[in-house]
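Chains, contacts and geometry: an overview
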Amino acid sequence: MIKEIKYTGLTATPSDYECPDGTIAGTMSLIHEDGAIKPIATPKTIMQLPNLMRVLYIHQVGQDKHYITFQQTILNLQEQGSKTTNTLYWYVDGTGIKQTIYTTTSAQIYQVTAIGNTLIALTSEGMHYSLWKEGQYVSLGNHLPELSLSFGLQGTKVHTTETFNIGGVEETSRPGITDVDTATNDTLGQVNKFLADNVDDAGMFLYPFFVRYAYRLYDGSLTMHSAPILMTTTTKVAPYVIGDTIENGYLKNCHIYAILHKLDFAAIIQDQLTQLADWEDIIRSVDIFISQPLYSYDQSGKLTNGRPSVSSGNRVTVGASSLKRLNNGRSSEDLGYTISRGIVYDDVNTQTSGTYYYKKHSVLDLLAGGATTTIGNYYMELPQKDSDTIIGNIKDCSLFYYLKSYKISEIPTKRTVVEIKSDYLRSLVTREVMTDDYDSHDTLAPKHANIYNARINVANLSKELFKGYNPASILPYTNGGYRYKDQNGNIVDAFDAKETVTVVFHIQQDNKIIKVSGGSYDFSPWTPITYLFYPNVNAFKAVIARVSDFGEEINKYYEVPLEPHPMLNGAYYYKGWDDVETKSDDDFLTDFNYGLNKNLTVELPNKIYTSEINNPFHFPVRGINTVGVGRIIGICSAAKALSEGQFGQFPLYAFTDEGVWALEVSSTGTYSAKQPITRDVCISSKSITQLDNAVLFATKRGIMLLSGSQSSCITDILNGKEFSLTTIMSNDARDILVDTYGLPNNTDTITFEDYITDCRMLYDYKGQRIVLYNPNHTYAYVHSMRSKLWGMMPSNFTEPVNAYPDAYVMTSDNALVNVSEDDAITGTQCIITRPLKLDAPDVLKTISTIIQRGQFAKGHVKQVLYASRDLIHWIPVWSSTDHYLRGFSGTPYKYFRILVIANLEEGESIDGCSIQYEQRLTNRLR
């Protein structure tokens, strides 16, 4: 009998008893494609690298390819033990010259990627940025540098030169208003005119306001926002109406006074400016924003008369009057205080000389200009908004408007006034509104990154929390000017005295309490601390230390609660204009100095951060997605529709320990997670591989192909028991085949299930093949996307390298090879069939002739026949040195295997075989 058998592809199913004749148990360097079994050529070598060096990434810059390589060096030091150095280099294309990009002795490097001319290394210490500039990579670091700017106020006294009178007033036992309407009209008319003439168009500040600054990046986005800093121009309603005497129902010789302020600023740490110089290509400017004035004056309000009235129960009560006697003594707070630059006099008994200091000043001090100066005896307090409204406006303030931009080279280190055009503040609300910030001061440390649509998506990350702003960037600037009484009651001037302020923020996050501090700064003694801010809503408490260097003062310790800001991403403290209250001075050093956390890391296992387009330095809050409740294993993009009419709607997949999620594109170009599209769980992030319109990944079930919303296994036919030549031949016979025929000595395999536990894949776009390999094994599986069949090839592959449409991969001998380009067809190929039953699995048979069919030269194909009666024990029957196997006879068997050993060249192939056989002993059931 004669049977023609057509060889198919590699398969492990169904069982050996049920499998069709012609299926293949194992191959080496062969794959079934275009109807025949063809040889797989050796990949082309691109470059050979030194020992312990490998290519991690190919950075395409214009027409040039930069090979980004990694090398690990371990130094054994006698005193310190071993020290590991990880270094990134880049090879100049075609020259073999390498240059250092980044070196670290403490960080582990996970991945390297790039957007434009910015190279990004994902490390355990954060995302390290290197900028390609003027023929070299400039190492920038793993975060935009901090910049601590100090803002202060420069106060100037302004008052009307012409006097006016206010009617409807009297003084009996105490001053009061007899005609509210008359007094209100006389007062507010003059005040409103004063404001129009001196404030609105002057580019100066009368009422408290917030100032905030941020980096303006090259794409126009804002990041690294500062804390809102509450600038204390005054704590009471302003301006101030002051008169001399009350005569005949009039307050006579009234003037309107005000302290108008200019805003100034300075950088306080020179090293920060030095670091920022490297970032000038990234940071276009430092932009300053301010809020609207926080008005206390109610222009539509009325004065209060303070006259006696009868309440229920016939009790006579006296209300508060807007008209008050004024205490002209120095340091009075009748008119509130300001934190600004003003004169502090050298001698308490003189007003002829003085020095300007930034400190807490009594407004009356600044208006009077000395202890003996009289500016009036009566003060008409203006209508003001109720205290709850004022406090609420400060707490809820969240809109900040553009004021001024400064290039990094323009940032001053000396106090510099922010010049404002005279009419600018009148139209402030028409200016650009500052965006809110989200954790931009935190340092992200992701393990996975994927570039899609010029945005970097990062996942499986942790982040190091921001240590906090320097106190100089939280509080208004002050610098001394302190006067106090000693133990004997003598007034002592300590104008150069200082008080070192430190703020420690307590954060409840990741099931632990983390304490952080942005350092210390020297202020004028007893600078009021009224407003604090930390850019994390999980901050719940601030601890403040004041360390004095003068007089009899002692260290003070404070504790204030923080609450989430209603409109901004952060937590804040504000209780009014009163200074914080002392909690305790006991155990200060223990509680304060030793409480800071060294580990500020929190885990974000189910978050995906997406950057701005073409900007890997900024991750806006709208680009942050929470995917399920588990851990993200990896992410990958795929631009194929989940359903008809939705092309590109779900371009990003998130592989989690709960399954695979598809992320939907939002109207802003970012993503939103919807629901899992498959419950298949990826077992190795390194197995995730992008095809043209699908994604491959390894699961316990096998290799899954995810296309759109459909997931299918492409390795079901390989999920069987392991195959090994040692199960069908003795070691001696195998050695003979290896030595005589050149049989590859790496043909033994493990179960496919074990093989894929640490597998990786390459996509050969040109050859339309998928290479599935395991760095711990010497063979790889090859899948033809044209024939949908599998083959095998030798492999010493270790790490894939991005080179689409080519398929680059590193080898264990430090070579970079291209699987998409054929170098040569070398070595020996082999085919091992699964058991042949010849249409009668339970009938004994003898084979007399086997001829291998295909297109090949004589002598390029050799073969060995094995036989068995139980599918377990196999013995060699016959062999040949060409494609003809005949001239033998002997014991009949039920099952046969053919081992084909070939040296096919380019253009040659094997199709199948012709077998001549006879059935034996068919007269009974066996």
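This write-up is about the structure you can find in this document. Owing to the predicted nature of the structure, the values given are computational and were not obtained by experimental measurement.

Focus on the overall build of the protein chain
Counting its secondary structure elements, the protein chain contains seven helices and 67 strands. Taken over 926 residues, the protein chain has a buried fraction of 56%. Relative to all contacts within the protein chain whose residues are 6 or more apart in sequence, the contacts with residues 24 or more apart total 67%.

A short note on the packing of aromatic side chains
All chains considered together, the criterion is met by 34 aromatic pairs. Taken together, a centroid distance of 4.5 Å and an interplanar angle of 35° make the contact between Y129 and F617 tilted. Separated by 488 residues along the polypeptide, Y129 in strand β12 (residues 126-133) and F617 in the loop between β44 (601-610) and β45 (624-626) bring together distant segments of the chain. This pair shows no difference in class: Y129 is buried, exactly as F617 is.

Regarding helix α4 (residues 387-396)
The α-helix advances 3.6 residues per turn, and as a result positions three or four apart in sequence lie on the same side. Among the residues of α4, I390, G392 and I394 are the ones counted as buried. For α4, the N-terminal cap is D386; the gap from its side-chain oxygen to the backbone nitrogen of D388 is 3.1 Å.

Here's the deal with empty space enclosed by the protein
Evaluated as defined, the whole model comprises three cavities of 30 Å³ or more. Taken as a whole, the largest cavity spans an internal volume of roughly 220 Å³. H143, S440, D442, F617 and F619 are the residues nearest the centre of the largest cavity, which is lined by 17 residues in total. For the lining of the largest cavity, the secondary structure elements donating two or more residues are β12 and β33 (443-452).

Concerning the sheet that holds strand β50 (residues 689-690)
An order of β50-β51-β52-β53 is seen for the four strands of this open sheet, with the pairing classed as antiparallel. Bordering the open sheet on either side are β50 and β53 (710-713), each of which pairs with just one other strand. Where strand β51 (residues 695-698) lies against strand β52 (residues 703-707), four bridges are found, and the strand directions are antiparallel. Considered in β52, the bridge of A698 is made with I703.

What to know about the pattern of salt bridges
Across all of its chains, the model carries 30 salt bridges by this definition. Notably, a salt bridge pairs D758 with R760, separated by 4.0 Å at the nearest N-O pair. For the salt bridge of E918 with R920, the shortest nitrogen-to-oxygen distance reads 3.7 Å. A residue is classified by how much of its surface remains accessible, and R920, at 35% relative accessible area, is partly exposed. By sharing partners, the salt bridges in this structure join E33, D34, K38, R769 and R786 into a single network.

Structural notes on the environment of Y671
The residue Y671 is located in strand β49 (residues 671-678) in this model. You can call Y671 buried: its relative accessible area is 4%. Separated by 46 residues in sequence, Y671 and N625 have C-alpha atoms that sit 7.2 Å apart.

Description of helix α1 (residues 180-198)
Between its first and last C-alpha atoms α1 spans 26 Å; for 19 residues at 1.5 Å apiece the expected length is 27 Å, and the two agree. Every buried residue belonging to α1 is among A183, T184, T187, L188, V191, F194 and L195, and all of these are buried. Down the axis of α1, the buried side of the element spans an arc of 120°, and every buried residue falls inside it. With respect to the buried face of α1, the exposed residues turned more than 90 degrees away are N185 and K193. Its buried side turned inward, α1 meets β14 (149-159), β15 (164-167), β17 (175-177), β21 (240-243), β23 (250-267) and β30 (378-380). Its side-chain oxygen at 3.3 Å from the backbone nitrogen of D181, D179 defines the N-terminal cap of α1.

Definitions and limits used
- Residues numbered from 1 in each chain as written.
- Predicted model: local features only at pLDDT ≥ 70, side-chain atom pairs only at ≥ 80, totals over all residues.
- Heavy atoms only, no water.
- Helix = DSSP H or I, 4+ residues; strand = E, 2+ residues; numbered from the N terminus.
- Buried < 20%, exposed > 50% of the residue type's maximum accessible area, 1.4 Å probe, protein only.
- Contact = heavy atoms within 4.5 Å.
- Phe/Tyr/Trp six-rings, centres within 6.5 Å; stacked < 30°, edge-to-face > 60°.
- Polar contact = N/O pair within 3.5 Å; in protein donor to acceptor, adjacent residues only side chain to side chain.
- 1 Å grid on protein atoms, 1.4 Å probe; cavity = no way out; pocket = protein on both sides within 12 Å on 5 of 7 lines; lining within 4 Å.
- Points joined across faces, edges and corners; volume = space filled by probe spheres on them.
- Pairing = 2+ DSSP bridges.
- Salt bridge = Lys/Arg side-chain N within 4 Å of Asp/Glu carboxyl O.
- Expected span 1.5 Å × (residues − 1).
- Arc of directions from axis to C-beta.

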